[in-house]
Protein chains: 4
Amino acid sequence: MIDPWSPRSFAEQLADVLRTKIDSGEWRPGHKLPGEITLAQTYDVARGTVRAALDQLREEGRVVTFTGRGTFVTPEATGSPGA
Amino acid sequence: MIDPWSPRSFAEQLADVLRTKIDSGEWRPGHKLPGEITLAQTYDVARGTVRAALDQLREEGRVVTFTGRGTFVTPEATGSPGA
Amino acid sequence: MIDPWSPRSFAEQLADVLRTKIDSGEWRPGHKLPGEITLAQTYDVARGTVRAALDQLREEGRVVTFTGRGTFVTPEATGSPGA
Amino acid sequence: MIDPWSPRSFAEQLADVLRTKIDSGEWRPGHKLPGEITLAQTYDVARGTVRAALDQLREEGRVVTFTGRGTFVTPEATGSPGA
DNA sequence: GTGGTCTAGACCACC
DNA sequence: GTGGTCTAGACCACT
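What counts and what doesn't
Residues numbered from 1 in each chain as written. Chains lettered and ligands numbered in written order. Predicted model: local features only at pLDDT ≥ 70, side-chain atom pairs only at ≥ 80, totals over all residues. Heavy atoms only, no water. Near = heavy atom within 4 Å. Polar contact = N/O pair within 3.5 Å; in protein donor to acceptor, adjacent residues only side chain to side chain. Helix = DSSP H or I, 4+ residues; strand = E, 2+ residues; numbered from the N terminus. Nonpolar A, V, L, I, M, F, W, Y, C, P; charged D, E, K, R; others polar. Phe/Tyr/Trp six-rings, centres within 6.5 Å; stacked < 30°, edge-to-face > 60°. Buried < 20%, exposed > 50% of the residue type's maximum accessible area, 1.4 Å probe, protein only. Lys NZ or Arg CZ within 6 Å of the ring centre and 35° of its normal. Contact = heavy atoms within 4.5 Å. Buried area = accessible area lost by both parts, 1.4 Å probe. Salt bridge = Lys/Arg side-chain N within 4 Å of Asp/Glu carboxyl O. Pairing = 2+ DSSP bridges. Axes fitted to C-alpha atoms, helices over the stretch in contact; angles between N-to-C directions. Parallel < 35°, antiparallel > 145°, perpendicular 65-115°, else oblique. Left-handed = near helix turned anticlockwise from the far one by under 90°.

Visitor: Talk me through the protein's contact with DNA strand E; I want residue IDs and the actual numbers.
Guide: Near DNA strand E lie 36 residues; those nearest to it are Arg47 of chain A, Arg47 and Arg51 of chain B together with Phe10 and Thr49 of chain D. Backbone atoms, meaning sugar and phosphate, make up 67% of the atoms of DNA strand E lying within 4 Å of the protein. Glu36 of chain A places a main-chain nitrogen or oxygen 3.1 Å from a phosphate oxygen of DNA strand E. At the level of elements, helix H3 (47–59), strand S1 (63–66) and strand S2 (70–73) of chain A, helix H3 (47–59), strand S1 (63–66) and strand S2 (70–73) of chain B together with helix H1 (10–23) and helix H3 (47–59) of chain D are the ones that each hand at least two residues to the surface near DNA strand E. When its residues are assigned to classes, the surface near DNA strand E shows 6 nonpolar, 18 polar and 12 charged.

Visitor: If you had to explain the packing of aromatic side chains to someone new, which residues and values would you point to?
Guide: All names here are of chain B. On inspection of all chains with the given rule, the structure shows 4 aromatic pairs over all chains. Centre to centre, the rings of Phe66 and Phe72 are 5.9 Å apart; their planes meet at 50°, and the pair counts as tilted. Looking at Phe66, the relative accessible area reads 40%, which means it is partly exposed. Here the basic side chain of Arg69 rests over the ring of Phe66, its NZ or CZ set 5.1 Å away from the ring centre.

Visitor: Can you lay out the interface of chain C and chain D for me, pointing to particular residues and giving the numbers?
Guide: On the chain D side, the residues contacting the 5 residues of chain C number 8 residues. Carbon and sulfur atoms make up 55% of the surface buried where chain C meets chain D, a total of about 450 Å² over both sides. Looking only at chain C, the three residues that lose the most surface to chain D are Gly30, Phe66 and Arg69 of chain C, adding up to 83% of its buried area. Tallied by class, the residues present in the side of chain C that touches chain D amount to 2 nonpolar, 1 polar and 2 charged.

Visitor: Got a sec to walk through the pattern of salt bridges? Specific residues and values, please.
Guide: All names here are of chain C. Going through the model one piece at a time under the given rule, you end up with 36 salt bridges over all chains. With a closest N to O distance of 2.8 Å, Arg8 and Asp16 form a salt bridge. Residue classification places Arg8 among the partly exposed residues on the basis of a relative accessible area of 38%. Overall, the relative accessible area of 24% leaves Asp16 in the partly exposed class. For the salt bridge of Arg62 with Asp23, the shortest nitrogen-to-oxygen distance reads 2.9 Å. In this pair, Arg62 sits in the loop between helix H3 (47–59) and strand S1 (63–66) while Asp23 sits in helix H1 (residues 10–23), placing the two residues 39 residues apart along the sequence.

Visitor: Explain the interface of chain B and chain A residue by residue, including any values.
Guide: Taken together, the contact pairs 8 residues of chain B with 5 residues of chain A. Of the roughly 440 Å² buried at the junction of chain B and chain A (both faces included), carbon and sulfur atoms supply 55%. When residues of chain B are sorted by the area they lose upon contact with chain A, Pro4, Trp5 and Pro7 of chain B head the list and together hold 74% of the total. Connecting chain B to chain A are 0 salt bridges. Among the residues forming the side of chain B that touches chain A, the class breakdown is 4 nonpolar, 2 polar and 2 charged.

Visitor: Which residues make up the pairing of S1 of chain A, and what are the values?
Guide: Every regular strand shows the same layout, with side chains that alternate between the two sheet faces. All names here are of chain A. Bridge count between S1 and S2: 4 bridges; the pairing is antiparallel. Residue pairing across strands places Thr65 opposite Thr71, the latter belonging to S2. Hairpin connection, S1 to S2: the antiparallel pair is bridged by 3 residues, and Gly68 has positive phi, about 80°.

Visitor: Give me the lowdown on the packing of helix H2 (residues 36–43) of chain B against H3 of chain B, citing residues and values where you can.
Guide: Residue and element names in this part refer to chain B. Packing of H2 against H3 brings their axes to within 9 Å, and their N-to-C directions diverge by 110°. Between H2 and H3, the interaxial angle falls into the category roughly perpendicular. Note that H2 runs across H3; the crossing there is right-handed. Contacts from Glu36, Ile37, Leu39 and Ala40 in H2 reach Arg47, Val50, Arg51, Leu54 and Arg58 in H3.

Visitor: Before we move on, can you summarise the protein's contact with DNA strand F with the specific residues and values?
Guide: Around DNA strand F, the structure places 36 residues, and the nearest of them are Phe10 and Thr49 of chain B, Arg47 of chain C together with Arg47 and Arg51 of chain D. By atom count, sugar and phosphate contribute 67% of the portion of DNA strand F lying within 4 Å of the protein. Note that a base nitrogen of DNA strand F is positioned 3.4 Å from one of the side-chain N or O atoms of Arg47 of chain B. The set of elements that each furnish at least two residues to the surface near DNA strand F consists of helix H1 (10–23) and H3 of chain B, H3, S1 and strand S2 (70–73) of chain C together with H3, strand S1 (63–66) and strand S2 (70–73) of chain D. In the surface near DNA strand F, the residues fall into 6 nonpolar, 18 polar and 12 charged.

Everything listed here is a matter of geometry and, on its own, says nothing about what the molecule does.
Have a look at this one:
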């Protein structure tokens, strides 16, 4: 899903992928995201890249993270309220 | 009552729930709290998490515990003196 | 080992039994005694009786007990220093 | 170094050991303590017990810990200013 | 019954 | 790598 030839950075691409899951409703409000390591393995990117992508989503208010607990989809972050 | 997606840890959430019962006067001074095991079952958390929550309330001076007897609401811990 | 027809109380008899194990060196300094429940089952006496016997040995300085840890033979409590 | 027959709990004993290293100046201000897992292995106790010991030293102001970095001796925690 | 201590393991974000 | 949180279980003395 991450395209090395894309003009967008890995982090941006990963953020796009995750953002889509959130906005599409695949990951609903309150959903617990996979851990950083799992995401890194799943998309074959470095952990730093995962952190950069999550930083972006955090700034957008789509996810919130809590030390020792995990990263979660913000309750009000869904683009498709229906579904 | 414990929300895994809350920004607060399980222990903090449980402390919040218990603190509210105390401050609201639902549990009046001298009231004996449910046992640690009962609380763990009631809120579906581990006993260690219950103890962490009670540790917090103990530091706040809202409850006192006696080995072999239980945990009780401190005489001066109520927010609603009336009732 | 506890004789219902003995003129000595169950607690005294149990204390005698345990004291012998200590003084004889069978239970050496630092030895951790069986738990109260185990002792009660082993000698077929009530837990209160076990506590009474242990109280006696504590007064004699032969054992020390710590909440949540257990009861131990006092380091200097052996009658047979040799062994 | 942790004595199961001590009158003090494992956590207290471990706190004693570490406190001595600090107060004696063996671990000077700013010194980074071994990680929790290392301490657990070194003293053969569970990590939870290590954390209980560190909690105590933290309350005493002898150490400070930073998530993801480690636990360090507080600048003012030394008993032997010279050395 | 109660709380107190300890174990062994897991998964998490942070650096 | 680090510490932070949580689980599930054990055994203990105390009341």
